[in-house]
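# An overview of the molecular structure
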Amino acid sequence: MDKQAVREAVWDAFEAGDQARFPFPPHDRIPNFAGADAACERLTETAEWADAAALKCNPDAPQLPVRRAALRAGKTVYVAQPRLRDPNPFLRLDPDELAGSDHDATDRPTVDDATTVSGISTHGTPVAPEDVPHVDLVVAGSVAVTTDGARIGKGEGYSDLEWGVLRELDAVTDQTTVATTVHELSVIDGPESALAGDLGDERGAAPSPSLPAPDAHDVPLDLIVTPERTVRTETPYERPSGIDWDELDSERLDEIPVLAERAPERK
């Protein structure tokens, strides 16, 4: 079973049940899910969350509670611009610039205003990769995961590119925790897996050999948090040390300014 087949099975399971939440349909996106708030709350109870001063979070709907919780806890949040299309591809959300308990300025956006998809673009401050400090926690959106830390996104590869850019600048390192919040349907070797029929009768067993292994550019997960549990993966998979430039053709480089200006053959 390849990655796209896994994605389709997970999306179909969300659509067939009652666990998907707006936006609809769940296909071709990081699916929003019932219990996203509960998964976020579990994440905020971890030591990794408590220790993080700055985090990078994806802009998708299921991680909206994470972005809001981070800002309300005084953490700085970085979100990548769509498709990394801007020369300053990250948007910084600074809790000190938002209306909140520390001040009563009515002309500042609220945390709720600044953390929606449109609000991030409106209120976030564009920054170059060189201006992103060390990121303590990365929260990624996922379509499917396994409990040993493999992650499957929606298939466009931007999350891994964002990691690669920041890794080459040491803004993310081996000390950076990589986490995701997902529904149990997305834990494809778990007891409620969308692939339960394909994994045989022993739910919760180790991943089936038919499941796709991570590619070299895939960033493995340290933490998987669902509404019901927190999984520390102790992942055996290696993290990418930067951008694999050999995988990027000229068309891809032309689409992403931050890559085009850093590509070895273009310097």
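Residues numbered from 1 in each chain as written. Predicted model: local features only at pLDDT ≥ 70, side-chain atom pairs only at ≥ 80, totals over all residues. Heavy atoms only, no water.

### Looking at the nonpolar core
For the record, the criterion: What we call a nonpolar core is a set of buried Ala, Val, Leu, Ile, Met, Phe, Trp, Tyr and Cys residues that are connected through their side-chain atoms within 4.5 Å. Partly exposed describes any residue whose relative accessible area lies between the buried limit of under 20% and the exposed limit of over 50%, with all areas from a 1.4 Å probe on protein chains only and scaled to the type maximum. Only DSSP runs of H or I reaching four residues or more are called helices, and only runs of E reaching two or more are called strands; each is numbered from the N terminus.
Counting 32 residues, the largest nonpolar core has V132, L161 and L259 as its most contacted members. Mapped onto this core, the elements with two or more residues apiece are β2 (76-80), α7 (158-168) and α9 (257-260). Here the element with the most residues in this core is α7; it accounts for five residues.

### Focus: the pattern of salt bridges
Spelled out, the test is: When a carboxyl oxygen of Asp or Glu is within 4 Å of a side-chain nitrogen of Lys or Arg, the pair counts as a salt bridge.
Under the definition given, this model contains twelve salt bridges. Here R72 ties to D112 by a salt bridge, and the two come within 2.5 Å at their closest N and O atoms. Placement of R72 in helix α4 (residues 64-72) and of D112 in helix α5 (residues 111-114) is noted, with a sequence separation of 40 residues between them. You can call R72 exposed: its relative accessible area is 55%. R239 is the salt-bridge partner of D222, the closest N and O atoms lying 2.4 Å from each other.

### Concerning the environment of R29
Applicable threshold: The criterion used for residue contact is that any of the two residues' heavy atoms lie within 4.5 Å. In the analysis that follows, any N or O atom pair within 3.5 Å is treated as a polar contact, provided that within protein one partner can donate a hydrogen and the other can accept it, and provided that, for residues neighboring in sequence, both atoms belong to side chains.
With respect to the secondary-structure elements, R29 resides in the loop between α1 (3-16) and α2 (36-44). What R29 contacts, discounting residues up to four positions off in sequence, is W11, P23, F24, V143 and K154. A polar atom in the side chain of R29 sits 2.8 Å from the backbone oxygen of P25.

### Remarks on the sheet that holds strand β10 (residues 230-232)
Operational definition: By this definition, two strands are paired if DSSP reports at least two bridges between them. Fitting a line to C-alpha atoms yields each axis, with helices limited to the stretch in contact; the angle taken between N-to-C directions then spans 0 to 180 degrees.
Strand order in the open sheet formed by eight strands is β4-β3-β2-β1-β5-β8-β9-β10, and the pairing between neighbours is mixed. Single-partner strands in this sheet number two, and they are β4 (125-127) and β10. Going from strand to strand, the sheet's axes swing by 25° on average, the running direction of each strand aside. With three bridges connecting them, strand β1 (residues 54-57) and β2 associate as parallel partners. Pairing of L55 across the sheet is with V77, part of β2.

### Remarks on α4
When we look at burial in α4, the residues that qualify are P65, V66, R67, R68, A70 and L71. Just downstream of α4 lies G74, where phi reads positive at about 85°.

### Some words on the pairing of β1
Our working definition: Here, the term right-handed applies to a crossover whose path from the first strand over the helix to the second runs clockwise when the strands point away from the viewer.
Neither face of β1 is left uncovered, since the one carrying A54 and K56 and the one carrying L55 and C57 both have all their residues buried. The parallel pair β1 and β2 is bridged by α4, and the resulting crossover is right-handed. Pairing between β1 and strand β5 (residues 137-140): three bridges, direction parallel. Residue pairing across strands places K56 opposite V138, the latter belonging to β5.

### Topic: the side chain of R68
Position of R68 among the secondary structure elements: in helix α4. A polar contact is formed between the side chain of R68 and the side chain of T115, at a distance of 2.9 Å.

### So, the packing of aromatic side chains
Short version of the rule: Stacked, tilted and edge-to-face pairs are distinguished by plane angle, under 30 degrees for stacked and over 60 for edge-to-face with tilted covering the rest, among Phe, Tyr and Trp rings (Trp via its six-membered ring) whose centres lie within 6.5 Å. Any Lys NZ or Arg CZ that is within 6 Å of a ring centre and within 35 degrees of that ring's normal is treated as a charge sitting over the ring.
Per the stated rule, a full pass over the model turns up zero aromatic pairs. The ring of Y158 has R252 lying over it, and the distance from NZ or CZ to the ring centre is 4.8 Å.

### Observations regarding α7
Here α7 lies mainly inside the structure; nine of its eleven residues are buried. Buried residues of α7: Y158, D160, L161, E162, W163, G164, V165, L166 and R167, and no others. Immediately beyond the C-terminal end of α7, within one or two residues, lies D170, with a positive phi of roughly 60°.

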